[in-house]
Amino acid sequence: MNRLSRSVQSPRVLNIEDLRTRAKRRLPRVVFDYIDGGAEDESTLRGNCRAFEALALRPRCAVANPMCDLRTTVLGTSVSMPLILAPVGSCRLMFPRGEEAAARAAGEAGIICTLSTLSGCRLEDVAAAAAGPVWYQLYLVGGRDCALAGIERARSTGFSALVVTIDTPVAGLRERDLRNGAKELLSGKVAQMLPFINQLLVRPRWLAAFFADGGLMKFENVVIPGNGPMLYADVTAALEQSVVTWKDLKWIREAWNGPIVIKGIHTADDARYAVDVGADALVVSNHGGRQLDGVAPTLRVLPEVVAAVGDRIEVLLDGGIRRGSDIVKALCLGARAVMAGRAYAYGLGTAGGAGVSRAIEILRTDLVRTLKLLGCASVAELDATYVDVPREWLPE
């Protein structure tokens, strides 16, 4: 076991919050807050986590389950537990070759890793690093031709599903990024950078690793004809010019012959649209509270979405996963599996791949313990009888 692996073992790290605390110590404020922060007042960010507290568990006692089966399938792919690493952009800022480290850890754990379009590592390199299934998350940054090129690269390198994110017509107002001078630090102009540069200088180990990894990353999977990979400073404007609409799903489907997952569903109406356009799965997601602040927590709207689509499409949940019991609660309300982003990003920012592996291990151990305490032998047996669902959560 190397130094990084030892640094995240018990008793130093017992839960995801411990990884968050350690990531905060290692990363510059501007990078940590990119992971940790949300939009505007961050009410939806907080609400995603608090919603799990509002859902009480109903255990079956005097039941012996020496072994609990965590295995399930998502879009026909067998996974060791109902957890998927969500797409997180700019992982290379958190740790050198961050996306590759996350994919490697996910593969070793027998779960799916989803690569963001806005990653610092080439999707070919991530596919090569992964020992398990990988999905590719699609933005239309750079225009339709760039997106088509990315889709073709993903297909040819073995990505098994395409995740289309639909909740980013503009970037949310992430006030922490503004206060930390993210725009100024990306400008490359010394006068603009100077008031904010100290937060980098006080993290010398991170800074040395950052420069050893090539310095400020480019978006290697958004290749602009004649210009090469998109520059980091250009992405905000590019997102605003690349809104995904339901009509776009037609040509995306024509370009991709594998499963399509639509991420960013908040309502029953949009869930039905996802079914109508032929999606194979949807993700109930509010972008981790990073886009429109004030929307309902994802767990709160999960029953509405599940009731709207029935068994016509697989439903995943994203947002607020910090404990194995959170995974249990999502499955009880009808989710096939969950996506987690911050949970593993904290681990990545703490100790690279070792931190991601520790985050997965924590959630797995939590999940087994929760099932045993519930008197439930497998994730397949979980249903609404294991939770007290608030009446106002139930669809009319």
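Here the structure is a predicted model, which means the values were calculated and not measured. As a convention, each chain's residues are numbered from 1 in the sequence order in which they are written. For a predicted model such as this one, the threshold for reporting local features is a pLDDT of at least 70, and the threshold for listing and counting side-chain atom pairs is 80 or more; totals across whole chains, interfaces and linings nevertheless cover every residue. Side-chain measures here rest on the full set of heavy atoms in the structure, leaving out hydrogens and waters.

1. Describing the pairing of strand β12 (residues 314-318)
Right, so step 1: Of all the 5 residues making up β12, 4 are buried; the element is thus mostly covered by neighbouring parts of the structure.
Right, so step 2: Assignment of crossover handedness uses the view with strands pointing away from the viewer, where a clockwise path from the first strand over the helix to the second indicates a right-handed crossover. Comment: elements are numbered from the N terminus, with helices defined as DSSP H or I runs of at least four residues and strands as E runs of at least two. In this region the chain leaves strand β11 (residues 281-284), passes through helix α17 (residues 298-309) and returns to the parallel neighbour β12; the handedness of that crossover is right-handed.
Right, so step 3: For two strands to count as paired, DSSP must find a minimum of two bridges between them. With 3 bridges connecting them, β12 and strand β13 (residues 337-340) associate as parallel partners. Each residue of the ladder has a partner; that of L317, found in β13, is V338. Relative accessibility under 20% of the residue-type maximum defines a buried residue, over 50% an exposed one, and the middle range a partly exposed one, all with a 1.4 Å probe and only protein chains included.

2. What to know about the pairing of strand β10 (residues 260-265)
Right, so step 1: Buried residues dominate β10, accounting for 6 of its 6 residues.
Right, so step 2: Pairing of strand β7 (residues 161-165) with β10 involves 4 bridges; the strand directions are parallel. Bridging across to β10, V163 finds its partner in V261.
Right, so step 3: As paired strands, β10 and β11 are joined by 4 bridges and run parallel to one another. Bridge assignment links I265 to a residue of β11, and that residue is V284.
Right, so step 4: For the segment spanning β10, helix α16 (residues 268-276) and β11, crossover handedness is right-handed.

3. Some remarks on α17
Right, so step 1: Taking 1.5 Å of rise per residue, 12 residues should cover 16 Å, and α17 covers 16 Å from first to last C-alpha, within 8% of that figure.
Right, so step 2: Turning to α17, its buried residues are T298, L299, V301, L302, P303, V305, A308 and V309.
Right, so step 3: Any two residues having at least one pair of non-hydrogen atoms within 4.5 Å are treated as being in contact. As for α17, its buried residues are in contact with α4 (43-53), β10, α16, β11, β12 and α18 (324-332). To estimate the expected span of a helix, count its residues, drop one, and scale the result by 1.5 Å.

4. What about the packing of helix α2 (residues 16-26) against helix α19 (residues 342-351)?
To characterise two packed helices, one gives the angle between the axes of the helices and the distance between these axes.
Right, so step 1: Simply put, an axis is a line fit to the C-alpha atoms, just over the touching stretch for a helix, and the angle between two N-to-C directions goes from 0 to 180 degrees. Viewed as axis vectors pointing N to C, α2 and α19 meet at an angle of 45 degrees, and their least axial separation amounts to 8 Å. Relative to α19, α2 is oriented oblique. Crossing of α2 over α19 shows left-handed handedness. In contact with I16, L19, R20, R22, A23 and R26 of α2, α19 contributes A343, Y346, G347, G349 and T350.
Right, so step 2: Here the term charged refers only to Asp, Glu, Lys and Arg, the term nonpolar to Ala, Val, Leu, Ile, Met, Phe, Trp, Tyr, Cys and Pro, and the term polar to all other amino acids, Gly among them. A breakdown of the residues in the contact of α2 with α19 according to their chemical character gives 5 nonpolar, 3 polar and 3 charged. Any angle between 65 and 115 degrees counts as roughly perpendicular, while under 35 counts as roughly parallel, over 145 as roughly antiparallel, and the rest as oblique. Left-handed is the label given to a crossing in which the near helix is rotated counterclockwise from the far helix by less than a right angle, and right-handed is the label when the rotation is clockwise.

5. Quick notes on the nonpolar core
Right, so step 1: Membership of the largest hydrophobic core comes to 121 residues, with the highest contact counts inside it found for L282, L299 and L382.
Right, so step 2: Ranked by residue count, the leading element in this core is helix α20 (residues 353-374), at 9 residues.
Right, so step 3: Among all residues touching L282, those that are not within four sequence positions of it are V261, I262, I265, A271, A274, V305, V309, I313, E314, V315 and L316.
Right, so step 4: Membership of the second largest hydrophobic core comes to 14 residues, among which are V79, A161, V163 and M339. Remark: nonpolar core denotes a set of buried residues (Ala, Val, Leu, Ile, Met, Phe, Trp, Tyr, Cys) joined through side-chain atoms within 4.5 Å.

6. Digging into α16
Right, so step 1: When we look at burial in α16, the residues that qualify are A268, A271, A274 and V275. All buried residues of α16 lie within an arc of 110 degrees about the axis, which places them on one face of the element. Facing away from the buried side of α16, by more than 90 degrees, are the exposed residues D269 and D276.
Right, so step 2: Next to the buried residues of α16 lie β10, β11 and α17. Regarding the arc, it is the one traced by the directions from the helix axis to the C-beta atoms.

7. Let's talk about unusual backbone geometry
Right, so step 1: Of the consecutive residues S10 and P11, the connecting peptide bond is found in the cis state with omega at 5 degrees.
Right, so step 2: Assignment of secondary structure puts P11 in the loop between α1 (3-7) and α2.
Right, so step 3: Positive phi, normally seen in glycine, also occurs at E42, with a value near 65 degrees.
Right, so step 4: Note that E42 resides in the loop between α3 (29-36) and α4.
Right, so step 5: Classification of E42 by relative accessible area gives buried; the value is 13%.
Right, so step 6: Non-glycine residue R97 carries a positive phi angle of around 50 degrees.
Right, so step 7: Residue placement: R97 occurs in the loop between α5 (91-94) and α6 (98-109).
Right, so step 8: A residue is classified by how much of its surface remains accessible, and R97, at 27% relative accessible area, is partly exposed.

In short, geometric facts, not functional conclusions.
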